Each structure stands twice: as structure tokens, then as C-alpha cells.
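Single-letter residue listing:
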Amino acid sequence: MRRILAALCIAGAAATAACGDLKSDYYTQTMPQNDGANVNLPGLLLRNAFILGSQQPAPPGTDMPIYMMLLNESGRTDRLVSVDTGGLFREARLPAGGLEIPGGRYVGGTALPQVLLAGLTRPLGSGGTIPVTFRFQNAGSVRVDVPVLPPGAWRSTYSPWPGASPSPSPAVSPGLSPATSPSPPPVSPSPSPTGG
């Protein structure tokens, strides 16, 4: 009887370990890689922010787009009102009036850029990060190191600015059918308040 009980315990422990490995592999394989910057703000999540650089170091005067997803978890509309690179770029261009992020929805996460960094002030190569300050109307400001990624692989199909205007994406609440939103106002240059 003791031998049977010991064998059952050993078999149970092996099954538990195997299930643990399967669970770990399942989560590892289904969680997508994220090469960009991520940060949580009050009621707002910034996900996978990256700057699309070039294969060779970019010369001064170059413009570079920023891609990201902004997920508004609050019930009220927020707005990205400025982006500052501390003088590395002359200006940051946003849609006229800022990039609107409706409550309970997300913006971005597509092959269209959300911001254009215009007028690089010194050579910049891909592979590093630059500090970028994002200022939102309601969620406040946050500084995050945003990677500069070279074009290639999945990024080769990304549209350069000023492609189609960024627009809100379907509602994020589970169980709701996707809803369409009107396009934001036309894109126009709008320098960040600090000139960066």
C-alpha cells in the first residue's frame, strides 16, 4: 500500500511539473515581443513606442516618425498635446489640436505614425534610445527612453508621415462590437512648447 501511495505521489508531482512547463511555454509563446517603450499613466497606457530610424546614421535635418499605442482606460477623452526630445529635434508634429484618445478606446498600434519628430539637430543612428517627454491633457507628463529602431522585417511596411491621419481604433471593452470614430482634424505642424 505504501509503495502504491508513493508511486501515485511521484506520478502526481511529475504531472504537476509537466503542467507547469506547459503553462509557462503557453504564456511565453502567446505574449508578443515588444521592442518599444512602455509606461503607465493615470488612466492611460503608452505601449510599444518607438522611433523609426534608418540603416545608416541619419544626418541633421532628418525627420523620424514615432509609432505607439495609447490605450485610454478612463471614461473621458484625453489628448497628447506635446512631445519633447530635449532639443534633439526642432519640433514634434501632431494632428491639429493634439492627438485625441477617446475614453475606453485606443489610438495607434498600426503602421501609421502618431507623431513626427522633425528637423534632427545632430546625427542619430539606430540601435539606441532617446529620452522623450510625452505631455497629455489629463494623464500628465512622462519622460521615457524611446528606442530608435532600424527599418526592416515587420517595420518595412510602416507608412512614413504624413500618411493617413491617425484615428481612434475600436473600443477596448470586451464584449462590445467595434465602433468607428470620425477621423481627427487634418495633420499640421505644431511645435512642442519647449522647442524640442
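Residues numbered from 1 in each chain as written. Predicted model: local features only at pLDDT ≥ 70, side-chain atom pairs only at ≥ 80, totals over all residues. Heavy atoms only, no water.

Caption draft 1: Region of interest: the overall build of the chain. For the chain, the count of helices and strands is one helix and 12 strands. Overall, the chain shows an N-to-C arrangement of helices and strands of α-β-β-β-β-β-β-β-β-β-β-β-β. Taking all 196 residues of the chain together, the buried fraction comes to 35%. A separation threshold of at least 6 residues defines the contact pool for the chain, and within that pool the share at least 24 residues apart is 71%. Surface summary for the chain: the accessible area is close to 10700 Å², and the carbon and sulfur share equals 58%. (Helix = DSSP H or I, 4+ residues; strand = E, 2+ residues; numbered from the N terminus. Buried < 20%, exposed > 50% of the residue type's maximum accessible area, 1.4 Å probe, protein only. Contact = heavy atoms within 4.5 Å. Areas by Shrake-Rupley, 256 points an atom, 1.4 Å probe, with all protein chains shown as cover.)

Caption draft 2: Representation of the side chain of Asp84 in the model. Structurally, the position occupied by Asp84 is in strand E4 (residues 78-84). Buried and unpaired, Asp84 has no salt bridge, with Arg143 as the nearest side chain of opposite charge at 8.2 Å. One polar contact links the side chain of Asp84 to the main-chain amide nitrogen of Gly86, over a distance of 3.0 Å. (Lys, Arg positive; Asp, Glu negative; His and termini not counted. Salt bridge = Lys/Arg side-chain N within 4 Å of Asp/Glu carboxyl O. Polar contact = N/O pair within 3.5 Å; in protein donor to acceptor, adjacent residues only side chain to side chain.)

Caption draft 3: Broad picture of the pattern of salt bridges. Following the criterion strictly, the structure yields two salt bridges and no others. In this structure, Arg93 engages Glu91 in a salt bridge whose closest nitrogen and oxygen atoms are separated by 3.0 Å.

Caption draft 4: Examining the environment of Tyr106 more closely. Structurally, the position occupied by Tyr106 is in strand E7 (residues 105-108). Accessibility expressed as a relative area gives 23% for Tyr106, which makes it partly exposed. C-alpha of Tyr106 to C-alpha of Leu70: the two residues are 36 residues apart in sequence and 5.4 Å apart in space.

Caption draft 5: Unusual backbone geometry, seen in detail. Notably, Asn48 is not glycine yet its phi reads approximately 50 degrees, a positive angle. You can see Asn48 is positioned in strand E2 (residues 44-52). Taking relative accessible area as the criterion, Asn48 reaches 24% and is therefore assigned partly exposed.

Caption draft 6: Up close: the confidence of the model for the chain. Chain-level statistics for the chain give a pLDDT mean of 74 and a share of 60% at 70 or above. Confidence drops under a pLDDT of 50 for residues 7-32, and excluding neighbours within four residues, the segment shows zero contacts in the predicted structure. (pLDDT = per-residue confidence, 0-100.)

Caption draft 7: Molecular detail of the pairing of strand E8 (residues 115-120). The element E8 is extensively covered by neighbouring structure, given that six of its six residues are classed as buried. In terms of strand pairing, strand E3 (residues 64-72) meets E8 through three bridges, oriented antiparallel. Of the residues in E8, the one forming a bridge with Pro65 is Leu116. Examined bridge by bridge, strand E5 (residues 89-95) and E8 share four bridges and lie antiparallel to one another. Following the sheet pairing, Phe89 is matched in E8 by Leu120. (Pairing = 2+ DSSP bridges.)

Caption draft 8: Quick look at the packing of aromatic side chains. Counted by the stated rule, this structure contains one aromatic pair. Between Phe50 and Tyr67, the aromatic rings sit 5.4 Å apart at their centres with planes inclined by 25 degrees, giving stacked as the arrangement. With Phe50 in strand E2 and Tyr67 in strand E3, this pair connects stretches of sequence that are 17 residues apart. Under the relative-accessibility criterion, Phe50 is labelled buried at 1%. (Phe/Tyr/Trp six-rings, centres within 6.5 Å; stacked < 30°, edge-to-face > 60°.)

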